[in-house]
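# Fold and geometry: a report
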Amino acid sequence: MSLFETMEKDDYEEVLFCQDKSSGLKAIVAIHDTTLGPALGGSRMWTYASEEAALEDALRLAKGMTYKNAVSGLNLGGGKAVIIGNPKTDKSEALFRAFGRYIQGLGGRYITAEDVGTTTEDMDLIYQETDYVTGVSPSFGSSGNPSPATAYGVYQGIKAAAGEAFGSDSLEGRVVAVQGVGSVANRLCQYLSEEGAKLVVTDIDKEAVRRAVESFGAVAVDPADIYSADCDIYAPCALGATLNDDTIPLLKARVIAGSANNQLKESRHGDRLHELGIVYAPDYVINAGGVINIADELSGYNQERAYKKIAEIRSSIASIFEISRRERIPSYVAADRLAEDRIMRMKNVRSTFVQNGLHSLSRRKTSAH
Ligand SMILES: NC(=O)C1=CN([C@@H]2O[C@H](COP(=O)(O)OP(=O)(O)OC[C@H]3O[C@@H](n4cnc5c(N)ncnc54)[C@H](O)[C@@H]3O)[C@@H](O)[C@H]2O)C=CC1
Ligand SMILES: O=C(O)CCC(=O)C(=O)O
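To keep things clear, this report deals only with the structure shown in the data block. Please read these numbers as outputs of a predicted model, since none were measured by experiment.

Cut-offs and rules
- Residues numbered from 1 in each chain as written.
- Chains lettered and ligands numbered in written order.
- Predicted model: local features only at pLDDT ≥ 70, side-chain atom pairs only at ≥ 80, totals over all residues.
- Heavy atoms only, no water.
- Helix = DSSP H or I, 4+ residues; strand = E, 2+ residues; numbered from the N terminus.
- Buried < 20%, exposed > 50% of the residue type's maximum accessible area, 1.4 Å probe, protein only.
- Core = buried A, V, L, I, M, F, W, Y, C linked by side-chain atoms within 4.5 Å.
- Contact = heavy atoms within 4.5 Å.
- Near = heavy atom within 4 Å.
- Polar contact = N/O pair within 3.5 Å; in protein donor to acceptor, adjacent residues only side chain to side chain.
- Areas by Shrake-Rupley, 256 points an atom, 1.4 Å probe, with all protein chains shown as cover.
- Nonpolar A, V, L, I, M, F, W, Y, C, P; charged D, E, K, R; others polar.
- Salt bridge = Lys/Arg side-chain N within 4 Å of Asp/Glu carboxyl O.
- Pairing = 2+ DSSP bridges.
- Axes fitted to C-alpha atoms, helices over the stretch in contact; angles between N-to-C directions.

The backbone of A241 shows a phi angle near 60°, a positive value even though the residue is not glycine. Within the fold, A241 resides in the loop between strand 10 (233-236) and strand 11 (255-256). Owing to a relative accessible area of 23%, A241 belongs among the partly exposed residues under this scheme.

Quick look at the structure:
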């Protein structure tokens, strides 16, 4: 399929390829849909196997953000960026500032933030070149790292999913298998262990595993063994597409609820989970805490207000399960319908919120202390 055919299939608005020889920047910004407002979504830095794999990731992630922002009630569209490179060795001030200039060039159609492989410090560098970045250090009046907010929302969503599957949202004594114990999952494990859940963890980074074992008394397993782990809840918190033909037959969990984006390799895998009676918390609903937190910056960041909204993820997930049960449809279909309905309803509405929000971002620099 040609690039334009691919874009047309899921109706992407824009794809920007960014190249800067002196800093080594190679990045792709994908803007999926701006019906609800400017596209907001993070920038991922990863060592992709090929440029095609990077493009595919950018496109899938951007579309996910359209649905996530819509279902979360935000006046924002969906976009995402990927930077091709090793986050451990290829970062530099020049690279992020060059990337920031490309984002500035989009004039506010896309606003960035952290994702896998990028940090608050990286956002601070991008901020040198553009106002269209969130998740910048709190000293700039920004909201900082979104991962704790994401973890809080995932924790709320796990409780809703436990209620659906087990008839009780208590996690005491429940075994949760966590795949990837990075920024989000590390905080999530803290919530889970404080409530008395038992943790099984894995990561390709040995240091991350060691931290989880030491901090939370987690049991470590090899990355390939996480799917078949004896557990009540599987929490995918690494990369996407881990729910596929190879892994679903191995699962013992009755609940799948985690932070990773794009967990279903294909939509038919969501159908399969439904047939098997596995309670699946749709990824872009349960992991919206981070984007809800950074989106609050468009109104002048207020942490209390943001966390209040993030806590609503619990009832959103519960109502998606209710629709799924009532209409006998997979939970991911119920979520997609809610998101698509909102976008359709808002197609002809023009909002002043967005312009006000962008002004709020540019005011931060003058009011920073
Ligand atoms: N950080 C945030 O606020 C948000 C993150 N997400 C998603 O949640 C997931 C985790 O994000 P972060 O914690 O920020 O990233 P992170 O990079 O801090 O953590 C991801 C962890 O997964 C591990 N990992 C990668 N491949 C693995 C594999 N095959 N098996 C086991 N472990 C593996 C990495 O070594 C790393 O420790 C990503 O899919 C991200 O897109 C979604 C919404 C917001
Ligand atoms: O919370 C973040 O990482 C920023 C928003 C985003 O990119 C996401 O929700 O995947």
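Turning to the nonpolar core, a few remarks are in order. Counting 108 residues, the largest nonpolar core has F99, I158, V178, L192, L199, V201 and L273 as the members making the most contacts within it. With 11 residues, the top contributor of residues to this core is helix 5 (residues 147-166). With residues up to four places along the chain from it excluded, the contact list for V201 reads V178, V181, C189, V209, A212, A218, V219, A220, V221 and I226.

With that settled, the discussion passes to the site of ligand 2. Taken together, the neighbourhood of ligand 2 is formed by G41, G42, M65, K68, K80, A113, E114, P146, N261, G290, V291 and I294. Here an oxygen atom of ligand 2 sits 2.6 Å away from a polar atom, N or O, in the side chain of K68. Between K80 and ligand 2, the recorded distance is 2.6 Å, taken from a side-chain N or O atom to an oxygen atom. Taking 280 Å² as the accessible area of ligand 2 by itself, protein coverage stands at 93%. Of all the elements in the fold, those that place two or more residues in the shell around ligand 2 are helix 2 (51-71) and helix 10 (289-295). Ranked by residues supplied to the shell around ligand 2, first place goes to helix 10 with 3 residues. Grouping the constituent residues of the shell around ligand 2 by class yields 5 nonpolar, 4 polar and 3 charged.

Attention shifts here to the pattern of salt bridges. Should the charged atoms of two oppositely charged side chains come close, the side chains can pair. Here the structure, examined in full by the defined rule, presents 24 salt bridges. Here R97 and E129 are joined by a salt bridge, their closest N and O atoms 2.7 Å apart. Of this pair, R97 sits in helix 3 (residues 93-105) while E129 is found in the loop between helix 4 (120-127) and helix 5, placing the two residues 32 residues apart along the sequence. On the basis of relative accessibility, which here comes to 25%, the residue R97 falls in the partly exposed class. A network of salt bridges, in which partner residues are shared, links R44, D57, K80 and D115.

We now examine the sheet that holds strand 8 (residues 198-202). One open sheet holds the 6 strands; their spatial order is 9-8-7-10-11-12, and the pairing between them is parallel. Of all the strands in the sheet, just strand 9 (219-220) and strand 12 (279-280) have a single pairing partner and so form its edges. Pairing of strand 10 with strand 11 involves 2 bridges; the strand directions are parallel. Looking at the pairing, I233 lines up with V255 of strand 11. Packed onto the sheet, helix 7 (residues 206-216) meets strand 8 and strand 9 and runs at close to 170° relative to strand 8.

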